[in-house]
Structures are given as structure tokens and as C-alpha cells.
There are 2 protein chains.
Amino acid sequence: MTQPDKTPVGFIGLGIMGRPMAGHILEGGHPLTVHNRTVSKTAELAARGAVVSGTPAEVAARSKIVITMLSDTPDVEQVVAGPQGVIAGIRPGSVVVDMSTISPKMERLLDERLRARDCALVDAPVSGGDVGARNGTLAIMAGGDRQAFERARPVLELMGRSITYCGPSGSGQLAKLCNQILISVTLLGVGEALVFARKSGLDPEVMIQAVSAGAAQSWQLTNLGPRIIERDFAPGFMVDLVQKDLRLVLETCAAAAAALPATALVHQLFASAQAHGSGREGTQSLARVLERMSGLEEGVV
Amino acid sequence: MTQPDKTPVGFIGLGIMGRPMAGHILEGGHPLTVHNRTVSKTAELAARGAVVSGTPAEVAARSKIVITMLSDTPDVEQVVAGPQGVIAGIRPGSVVVDMSTISPKMERLLDERLRARDCALVDAPVSGGDVGARNGTLAIMAGGDRQAFERARPVLELMGRSITYCGPSGSGQLAKLCNQILISVTLLGVGEALVFARKSGLDPEVMIQAVSAGAAQSWQLTNLGPRIIERDFAPGFMVDLVQKDLRLVLETCAAAAAALPATALVHQLFASAQAHGSGREGTQSLARVLERMSGLEEGVV
């Protein structure tokens, strides 16, 4: 299926998001080289024609576009700039696309390092979760050199439905952080409305139906409201991960002297979710924190 | 246009919402009797065939369904239960529909008073603002006796697009209060995301575009986000009115022993908007409170 005229792509980080994303690139006909810390996760892609490389440097040496999809800032720093990292192997004119959600500041630093090698880094975090990754319907928010972004765009289009160029290096991460502020604070409103309904004797399901046609409508209400009512706390997006992102928001914020009282509040309430062992549950577990605060019993809706 | 076989309706409270709502009832062919404290506001409806009555009692005596659309709890108490109020004139078997946003507790009290007269009160607050009132597209959340609600439904359908029966007396108000929690806290998230974008150097318009396709999506973001960017603070829904409603939320909450930290926070931030003379501006003025907190200059986006 690989078409030799297509740009060779490298993919590093084959977690729950990365594996299906890399799969779409393979389906798009690109020669693909992959690397993952846990080698077993490369097996399926290897069986479908991907080359497995032992180090990020080797991946970079074989690719014109190198994609990273990792957990946190130190992982990206290590994979891109560490010993045997991407920079050690990359050829001039290549583009690194970091699709992890990490510090905007780190993206700018790595972009500088890559520019010194006649390369560029595009930061392109995503939203849409594992479902979006599997269906190729991610929302991709990209920052960095515009030309480098345009070179990467055809590959991004294999993975996402909505691709927005947001501005210079770090801008993709900044947009993603805005996304996380919005989902968290909106969810907090949903949780409080549900607590209020239960406490005052209003059927929460009827409440959602009554308000969803108007100005109270949101993705969070429509998608997570019913899951809270059904006590379904399986992760679409995990508390531990939103906490990492909100930490980035508040760090970036502190540097910029911005005050975000509701974001700080929801970060603390998610910390309470973590304290009660809900770190690996979905963000909708925030509702349980609010329920406990108001003395509502678990499981009694 | 009045059809004598249609239920005679009374309408009390011809403000910015009430006037167009009463107009739709007239268009629906119902004989209509109106009353308003400021008599001049009855002129247009009178010219279109409505009868103007001097007191709520007289309105009630001429109607089988009496609608009230007033500002606050004491107004409704006075108009329904005061001297020359609705109860003084109402005939057995009639239904009072209170479409104001007021205390759920007061609705229950008035419902009891009316039941003693073989009548009933349906609480049916609305969302959708003056635009919804003009276009007959309000969302109507109704509580009270189910049969009384069904008798009023054909008249409600002249004014609203989404009509939800929420449960026993007061339930319409409770759903409306949930609506106000949701719009306020969601808007708070929108305001903080916009402050974060501006403070960190991300184009706020690009941010909205980048995040709107996914889990961050909300009516507040789509409709009020752009107005904040354009510095359009004209009221769709006024700060002073949302504050009245949030006060009802927190009062009802205190009685029910529920803790709503974000609702309490946004109530305080709206108080800051009022302190800066934005009480009669739209709720989106909340953004300016957050901007001031972060030292952003007015008018410089």
C-alpha cells in the first residue's frame, strides 16, 4: 500500500492515541517509520508495513516529517533533543510535528533548536480523544512556521477533520490550553446544575432536556451530563490528563500575570477527584466531587 | 382576528418580554385582556384588539388563563395575591401561568392559594430573551399540576418552540435556575479562555475557531465570544437580571444545603461588573471583570 512518491513520515509515541493516528498515515500511503519505548506496541503497525526503528534519531534519519505523540513536556524534550533524539538524526529541510499537549515554552525552545538545523517544529496538539484518533476526526490546533505547517498539512489531514493554523510557534499549544479551560469550567457548571437539580428535587434528566435547546447548551452538557446521571465514569478524557493540562495553563498564566479564578477552582476540585482515586476516570468524575461537597450519597440519583 | 370559541386569556406585565408574547396570543385568535402598571404600554395591544383592564382582578374575571410576566418575586406576589390581585377576581377552573423567573417557594405558596379557589398555578419561566419573545421561539420550562399545564399548553405553544413539563409546582423555576447556573458558569469559562488567549499572545478569534468543533463548544462561546471580541456589550440578557436569578439559586441552595462554588464565584464576579456600572449591559460584560483582574486595558484586544 506504501506509495514511494509520498513523503516518508516518522511516528514516535504509539500510545492509545498514537497507534490509530500512525495507522491513518500508513493508510494514506506514506512510507512510515515508527518508534516506541515499549517495543511490543509497534507490532501491529510493523505487520502492516511500517519500519520499526530503535531510536528517535534513526526515525528522523529516514523521514521528512517526524511526528511525536507523547505524554508530557519532559518526554518530548528527551525524544527530540536528548541523546539519540530526533535532532541527532534529522536531515535539513525536515519538519517535526509535535502533537502532544505540552508547554508552549518548550515548543518554542525546540523550534529554535531545529531551526539551527534548517528544520522547523510545528506544535499541533489535538482534541477529540481516542475516538477522534480512531476515526481520523481529531481537531488539530497548529502553531509554528507557516510554510512548515503547510508542508505537514496533507499528513495532518489524514488524522483530523478540523485543522486550524493558530500562529507562531507555541500557538497550537496555547489554543489547546484554551480548549482545556473551556471544557473544564463548562463541565463545572454542568456538575453544579446537576447537584442543584438533585438537591432541590428536580429530575436531572428532565432538567437537561428542558435547558438544552437554548443558551445553556454545550457539548459537555449534551455528552457528559447523561453519563453523570447514568453513573458512567469511564474515561473519554482522564482526570489525570486534564490536571496536567490545567497545570500548564496556570504555569503559563503565572508567567503572563493573568488571573483565572474558575480555572484555578476547577483544578483544585479535580485534585479532590484524584484524592478520591478518580485520577484514571473520565473528567465527568468532577460531578462526584461536587456531590460529596453537598452530602449527596453515591449512586442515589 | 379574535375567535370567540378560543379560550379567553389575560396577560399582566407588558415589558420588553411581555409585549411581544401577548402579541402572539392575540395573533393566535384568543380574546385577550391585558393589564400593566404603566398604562401607556398597553396602547399597541389595545389598538390590535386587546381589552385593557384597570386591575389584575378584572383581568382574571374576564379570562380562563391568566399569564403573568413580571420582574421579581414581590411583584408576582402582589399581582396574584395582593389587593385587587388575580385571586380576588379569578373564576373557579381557571389557570394562572406565571412566566416570570421568581422563587420556586413563592410559586408553591401561590399554587396552594389558587387551589383553594379551584384554580391552579403553572410556573413556566422562559429562556431565549427578547429575541425569543419576538420570534415566538422561547424555551419554556413548566411546573405545577399536569392537567393545568396541559390546558395551558396550546397558549404556551404560541410563544415558545421548546416546552418541557418538569414536574410539580416550582419545577419550572428550578429548571430555569439550573439554566442560569449553566449559562453563567459556561460564560465564565469563555471569559477566562479569552483572557488567557490575549495574555499569552494568541489571537482570540483564531482561538474560538480552533476549539469550536469539539468538546469546548457551547452556545455561550459561539454567541457571546465574538461579541466580547467586538466589544459589543449590548444586553441580550442583563447582568442585573442574571444577578437576581443567581441570588435565587443561592437562596434555594442554602435551604437545600448544597454547595455550588463556581456559581457563588460567578455571582461575585457579576457583582464586580455591577460595581463598574455594567448592571444594564449584557452578561458578556463578565469578560471585562476578568480583563480588569488581569490588568488588560479596555478596548485593546
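Residues numbered from 1 in each chain as written. Chains lettered and ligands numbered in written order. Predicted model: local features only at pLDDT ≥ 70, side-chain atom pairs only at ≥ 80, totals over all residues. Heavy atoms only, no water.

A. A negative patch on the surface, seen in detail. There is a patch of like negative charges on the surface, built from Asp203(A), Glu205(A), Glu230(A) and Asp232(A). Structurally, Asp232(A) is set in the loop between α11 (219-229) and α12 (239-256). (Patch = residues over 30% accessible without salt bridge, like charges linked within 9 Å, V, L, I, M, F, W, Y side chains within 5 Å. Areas by Shrake-Rupley, 256 points an atom, 1.4 Å probe, with all protein chains shown as cover. Salt bridge = Lys/Arg side-chain N within 4 Å of Asp/Glu carboxyl O. Lys, Arg positive; Asp, Glu negative; His and termini not counted. Charge placed at Lys NZ, Arg CZ, Asp CG, Glu CD. Helix = DSSP H or I, 4+ residues; strand = E, 2+ residues; numbered from the N terminus.)

B. Focus on the packing of aromatic side chains. All names here are of chain A. This model, assessed by the stated rule, comprises 2 aromatic pairs over all chains. Here the aromatic rings of Phe 149 and Tyr 165 are separated by 5.2 Å at their centres, their planes lie at 40°, and the arrangement is tilted. In this pair, Phe 149 is assigned in helix α8 (residues 146-157) and Tyr 165 in strand β9 (residues 160-167), connecting sequence segments 16 residues apart. By relative accessible area, Phe 149 is classed as buried at 0%. Taking NZ or CZ as reference, Arg 288 lies 4.1 Å from the ring centre of Phe 233, over its face. (Phe/Tyr/Trp six-rings, centres within 6.5 Å; stacked < 30°, edge-to-face > 60°. Buried < 20%, exposed > 50% of the residue type's maximum accessible area, 1.4 Å probe, protein only. Lys NZ or Arg CZ within 6 Å of the ring centre and 35° of its normal.)

C. Structural view of the environment of Glu157(A). Checked against the element boundaries, Glu157(A) lands in helix α8. Along the backbone, Glu157(A) and Thr252(A) are 95 residues apart, and their C-alpha atoms lie at a distance of 29 Å.

D. Summary view of the pattern of salt bridges. Applying the stated criterion across every chain yields a total of 20 salt bridges over all chains. Residue Arg115(B) pairs with Asp111(B) through a salt bridge whose shortest N-O separation is 2.9 Å. Of this pair, Arg115(B) and Asp111(B) both sit in helix α6 (residues 104-115), 4 residues apart, which is roughly one turn of that helix. Taking the relative accessible area as the measure of exposure, Arg115(B) reaches 43% and is therefore partly exposed. Residue Asp111(B) is classed as buried on the basis of its relative accessible area, which comes to 4%. Here Glu281(B) makes a salt bridge to Arg288(B), at a shortest N to O gap of 2.8 Å. Among the charged side chains, a network of salt bridges with common partners joins Glu27(A), Glu44(A) and Arg48(A).

E. Structural view of unusual backbone geometry. At Asp118(A), a position not held by glycine, the phi torsion is positive, near 60°. By secondary structure assignment, the location of Asp118(A) is in the loop between α6 (104-115) and β6 (120-123). According to the relative accessible area criterion, Asp118(A) is exposed, its value standing at 58%. With phi around 60°, Gln84(B) is a residue other than glycine that occupies positive phi space.

F. Seen up close, the interface of chain A and chain B. Between chain A and chain B, the residue contacts involve 57 residues of the former and 57 residues of the latter. Between chain A and chain B, the buried area comes to about 4,700 Å², and carbon and sulfur atoms account for 72% of it. For chain A, the biggest contributors to the area lost against chain B are Leu182(A), Glu192(A) and Phe196(A); these three give 15% of the whole. One can count 0 salt bridges joining chain A with chain B. For the interface between chain A and chain B, the tally reads 15 residue pairs in polar contact (both at pLDDT 80 or more). Among the secondary structure elements, those contributing two or more residues to the side of chain A that touches chain B are β9, α9 (171-200), α10 (204-211), α11, α12, α13 (261-275) and α14 (286-293) of chain A. (Contact = heavy atoms within 4.5 Å. Buried area = accessible area lost by both parts, 1.4 Å probe. Polar contact = N/O pair within 3.5 Å; in protein donor to acceptor, adjacent residues only side chain to side chain.)

G. Just the side chain of Thr55(A), in detail. All names here are of chain A. Topologically, Thr 55 is positioned in the loop between β3 (51-52) and α3 (56-61). The class for Thr 55 is buried, based on a relative accessible area of 13%. A polar contact is formed between the side chain of Thr 55 and the backbone nitrogen of Glu 58, at a distance of 3.1 Å. Leave out the neighbours within four places in its chain, and Thr 55 touches His 35 and Gln 84.

H. The arrangement of α6(B) in detail. Residue and element names in this part refer to chain B. For α6, with 12 residues, the first-to-last C-alpha span of 17 Å sits near the 16 Å given by 1.5 Å per residue. Looking at the buried positions of α6, the neighbouring elements they touch are α4 (73-81), α5 (86-89), β5 (95-98), β6 (120-123), α9 (171-200) and α12 (239-256). Of the residues that open α6, the one with a side-chain oxygen 3.1 Å from the backbone nitrogen of Lys 105 is Ser 103. (Expected span 1.5 Å × (residues − 1).)

I. Structural detail: the environment of Lys105(B). Residues and elements named next belong to chain B. Relative to the assigned elements, Lys 105 resides in helix α6. Residue classification places Lys 105 among the exposed residues on the basis of a relative accessible area of 60%. Distance in space between the C-alpha atoms of Lys 105 and Ser 169 is 8.8 Å, their sequence separation being 64 residues.

J. The state of the cysteines, seen in detail. All names here are of chain B. Counted by the stated rule, this structure contains 0 disulfides over all chains. Considering cysteine sulfurs only, Cys 178 is the nearest to Cys 253, which forms no disulfide, with 9.8 Å between them. The class of Cys 253 is buried, set by a relative accessible area of 3%. (Disulfide = S-S within 2.5 Å.)

K. The relation of the copies chain A and chain B, seen in detail. Mapping chain A onto chain B calls for a screw motion: a turn of 180° about the axis and a shift of 0.0 Å along it, with 0.1 Å RMSD after fitting. Expressed as an axis order, the relation between the two copies is that of a two-fold axis. Among all residues of chain A, the one whose C-alpha sits closest to the rotation axis is Ser218(A), at a distance of 2.0 Å. Both copies contact each other with a shared surface, as 100% of the interface residues of chain A are interface residues in chain B too. (Least-squares fit on C-alpha atoms with pLDDT ≥ 70 in both.)

L. Fine view of the nonpolar core. Ranked by size, the top nonpolar core spans 97 residues in total, and within it Phe196(A), Met207(A), Phe196(B) and Met207(B) carry the most contacts. Listed in part, the 34 residues of the second largest apolar core include Val122(B), Ala133(B), Met159(B) and Tyr165(B). (Core = buried A, V, L, I, M, F, W, Y, C linked by side-chain atoms within 4.5 Å.)

M. Up close: the pairing of strand β8 (residues 138-143) of chain A. Residue and element names in this part refer to chain A. When you tally the buried positions in β8, you get 6 out of 6 residues, the bulk of the element. Side chains Leu 138, Ile 140 and Ala 142 project from β8 onto one buried face, and the interleaved Ala 139, Met 141 and Gly 143 project onto a second face that is buried too. Bridge count between strand β7 (residues 126-127) and β8: 2 bridges; the pairing is antiparallel. Directly across from Ser 127, in β8, lies its bridge partner Ala 139. With 6 bridges connecting them, β8 and β9 associate as parallel partners. Within β9, the position partnered with Ala 142 by the bridge is Tyr 165. (Pairing = 2+ DSSP bridges.)

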